[in-house]
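Observations on the three-dimensional arrangement
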Amino acid sequence: MRTENFVILVHNIFGGPLGSNNERTLTPLQMFLHTAILIGTSGALFILCLCDLHRMLYQRDLVLSVIDLLMLLGIAITVFTIQASALIKYVQKPTESILHYLDDIDGHLYTLSIRHDPAQRLRFNCAACFASAIVLSIGYLLANVLRISRPNAVVFAFKTYGIFVVLLMHGLFLVFSHQILTRVRCMSKHLKKMISTTNTGTEYGSIRLGRDLRTLATVQMQCFRAVNRLNEDCGLPNVTIFGMFFYVLTAKCFQLFYVCSIEFRLHGFQFSHILEPIVLIVAVFSYFFTTTYLGELVLRETQLVINNLHKFESKHSMRPQKTNYSELVEQLGHQILHQPICFTVMNFFQIDFKFFHLVMASVGTYLIILLQFDFQN
């Protein structure tokens, strides 16, 4: 079994909505029943965590206990949303997955004589995604190892399991986003190569350029479909994932200030209380920044494709030749305009640096509001 199929299979075992090329091992009904049982198991673990709610709230400072309780609720809601989106997928029974679209794009890119295989790093990226999710989950568990006792062992186990599912889900979203970005770059590089082509005066050169423009139009359409499929498969989970990211960046940063100031004066400094927020903040910020960075790169590469398309049209329109490329260029330009390649979250917002700046500004605003409270009064 290839690495990418293994990682996606592990993700689907935990209830993820992504599909793979060899998902014929289980029927949609069997996957539906498996996901339903998994949701029931996760729900039972979550209920066990809530059974000790009184001890969770009053075994330490009330403010920190409320932050931990909301963190537990956020992880539970995110995990249940990821698994529920899998149920929705199995009910809808989509005919093609994101990997099918990527394979189709690679087939069209092969006709353009592109030597670089855009899918060659998919295996490495999936392995890195799987390893990162495991390392960060273990790091979160080790950061809380000094606080784990028999009453709260189930709570930390559920949190670690939930963080692994969330990071693996979002990591695969990053992997496929990078794969789409790589194929958009191939379009831009090939257009740049077409601009520098000098043998367009021959009949063969003109036919080849016309064929390449038609193939690029097909590649652009398939990239648009791949982005739509990825946005649909990961849209509902990403809503809750970005919501959990926002909460972690806000609440855990506030927790660091609280532990290092107010709780230090009341109960003394405890090093174990700052490890958990530091690990979560670093992990969430890394994933969030990488997501918005990839979204911004896709927008810039798409704009570079448009710029190279205009350069190609301006260069070849000045040459007397039998073939007129204006219609093909116009067709490709209209496709890029009306079928934009961009990552969105349920069409609520677009994932780019503007979204990153908006979230960081909101986190800073809420932190300032929270830090203005006088907890001693």
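Up top is the structure.
Residues numbered from 1 in each chain as written. Predicted model: local features only at pLDDT ≥ 70, side-chain atom pairs only at ≥ 80, totals over all residues. Heavy atoms only, no water.

For the rest of this paragraph, the subject is the overall build of the protein chain. Scanning the protein chain from N- to C-terminus turns up 12 helices and two strands. Walking the protein chain from its N terminus toward its C terminus, one meets helices and strands in the order α-α-α-α-α-α-α-α-α-α-α-β-β-α. Residues classed as buried in the protein chain amount to 50% of the 377 residues present. In the protein chain, the share of contacts with a sequence separation of at least 24, taken over all contacts with a separation of at least 6, comes to 84%. As displayed, the protein chain offers around 18,500 Å² of accessible surface, 64% of which is attributable to carbon and sulfur atoms. (Helix = DSSP H or I, 4+ residues; strand = E, 2+ residues; numbered from the N terminus. Buried < 20%, exposed > 50% of the residue type's maximum accessible area, 1.4 Å probe, protein only. Contact = heavy atoms within 4.5 Å. Areas by Shrake-Rupley, 256 points an atom, 1.4 Å probe, with all protein chains shown as cover.)

The first and last C-alpha atoms of helix α11 (residues 326–338) sit 18 Å apart over 13 residues, in line with the 18 Å expected at 1.5 Å per residue. Listed in full, the buried residues belonging to α11 are L328, V329, L332, Q335 and I336. Buried positions in α11, seen along its axis, are confined to an arc of 125° and lie on one side of it. Turned more than 90 degrees from where α11 packs its buried face, E327, L337 and H338 sit exposed. (Expected span 1.5 Å × (residues − 1). Arc of directions from axis to C-beta.)

With that out of the way, let us pick up the packing of aromatic side chains. The tally for this structure, following the rule as stated, stands at 21 aromatic pairs. Summarising the aromatic geometry, the rings of F242 and F355 are spaced 5.5 Å apart at their centres and angled 90° between planes, so their arrangement reads as edge-to-face. Taken as a pair, F242 in helix α8 (residues 203–260) and F355 in helix α12 (residues 353–371) lie far apart in primary sequence, 113 residues in all. With a relative accessible area of 6%, F242 lands in the buried category. With relative accessibility at 9%, the residue F355 sits in the buried group. Each member of the aromatic cluster is reached from another via a ring pair, and the members are F242, F245, F285, F288, F289, Y293, F349, F353, F355 and F356. (Phe/Tyr/Trp six-rings, centres within 6.5 Å; stacked < 30°, edge-to-face > 60°.)

Here we come to unusual backbone geometry. The phi dihedral of M346 falls on the positive side, at around 55°, and the residue is not glycine. If you trace the backbone, M346 turns up in the loop between β1 (344–345) and β2 (349–350).

Tallied over the full model, the rule gives one cavity of 30 Å³ or more. Considered as a void within the structure, the largest cavity measures approximately 90 Å³ in volume. Of all the secondary structure elements, the ones that give two or more residues to the lining of the largest cavity are α6 (122–143), α7 (153–195), α8 and α10 (272–316). Counting residues per element, the lining of the largest cavity draws most heavily on α10, which supplies four residues. Taken together, the residues that form the lining of the largest cavity break down as 11 nonpolar, no polar and no charged. (1 Å grid on protein atoms, 1.4 Å probe; cavity = no way out; pocket = protein on both sides within 12 Å on 5 of 7 lines; lining within 4 Å. Points joined across faces, edges and corners; volume = space filled by probe spheres on them. Nonpolar A, V, L, I, M, F, W, Y, C, P; charged D, E, K, R; others polar.)

Turning next to a nonpolar patch on the surface. A cluster of nonpolar side chains, namely L50, L62, V66, L70, L73 and I77, defines an oily patch on the protein surface of about 460 Å² accessible area. With five residues, the single largest contributor to the nonpolar patch is helix α4 (residues 62–92). With respect to the secondary-structure elements, L50 resides in helix α2 (residues 28–51). (Patch = residues over 30% accessible without salt bridge, like charges linked within 9 Å, V, L, I, M, F, W, Y side chains within 5 Å. Salt bridge = Lys/Arg side-chain N within 4 Å of Asp/Glu carboxyl O.)

This part covers the pattern of salt bridges. Any two side chains of opposite charge can pair, so long as their charged atoms come close to each other. The tally for this structure, following the rule as stated, stands at eight salt bridges. For D68, the salt bridge is made with K252, and the minimal N-O distance between the two is 3.6 Å. A residue pair is termed long-range when its members are at least 10 positions apart, and D68 in helix α4 and K252 in helix α8 qualify at 184 residues. In this structure D68 comes out as buried when scored by relative accessible area, which is 6%. Residue D233 is joined to R229 by a salt bridge in which the shortest nitrogen-to-oxygen separation is 3.5 Å. Within this pair, D233 and its partner R229 are both found in helix α8, separated by four residues, close to a single helical turn. An identical accessibility class is assigned to D233 and R229; each is buried. When salt bridges that share partners are traced, they join D68, K252 and E276 into one network.

Mapped onto the elements of the fold, T250 is located in helix α8. Once you skip the residues sitting within four places of it in the chain, T250 turns out to touch V363, Y366, L367 and L370.

A separate point is the packing of α6 against α7. Running from amino to carboxyl end, α6 crosses α7 at an angle of 155°, the nearest separation of the two axes being 9 Å. The orientation of α6 relative to α7 falls into the category roughly antiparallel. As α6 runs across α7, the sense of the crossing is right-handed. On α7, the residues touching L122, N125, C126, C129, F130, A133, I134, L136, S137, Y140 and L141 of α6 are K159, T160, I163, F164, L167, L168, G171, L172, V175, F176, H178 and Q179. (Axes fitted to C-alpha atoms, helices over the stretch in contact; angles between N-to-C directions. Parallel < 35°, antiparallel > 145°, perpendicular 65-115°, else oblique. Left-handed = near helix turned anticlockwise from the far one by under 90°.)

What follows is about the nonpolar core. Note that soluble globular proteins tend to have their nonpolar side chains buried in a common cluster. Of all hydrophobic cores here, the largest spans 97 residues; its most connected members are L168, F176, I180, L230, F245 and F343. Looking at which element gives the most residues to this core, the answer is α7, with 23 residues. (Core = buried A, V, L, I, M, F, W, Y, C linked by side-chain atoms within 4.5 Å.)

Take H190: it is sitting in helix α7. Along the chain, H190 and L213 lie 23 residues apart, while their C-alpha atoms are 9.9 Å from each other.

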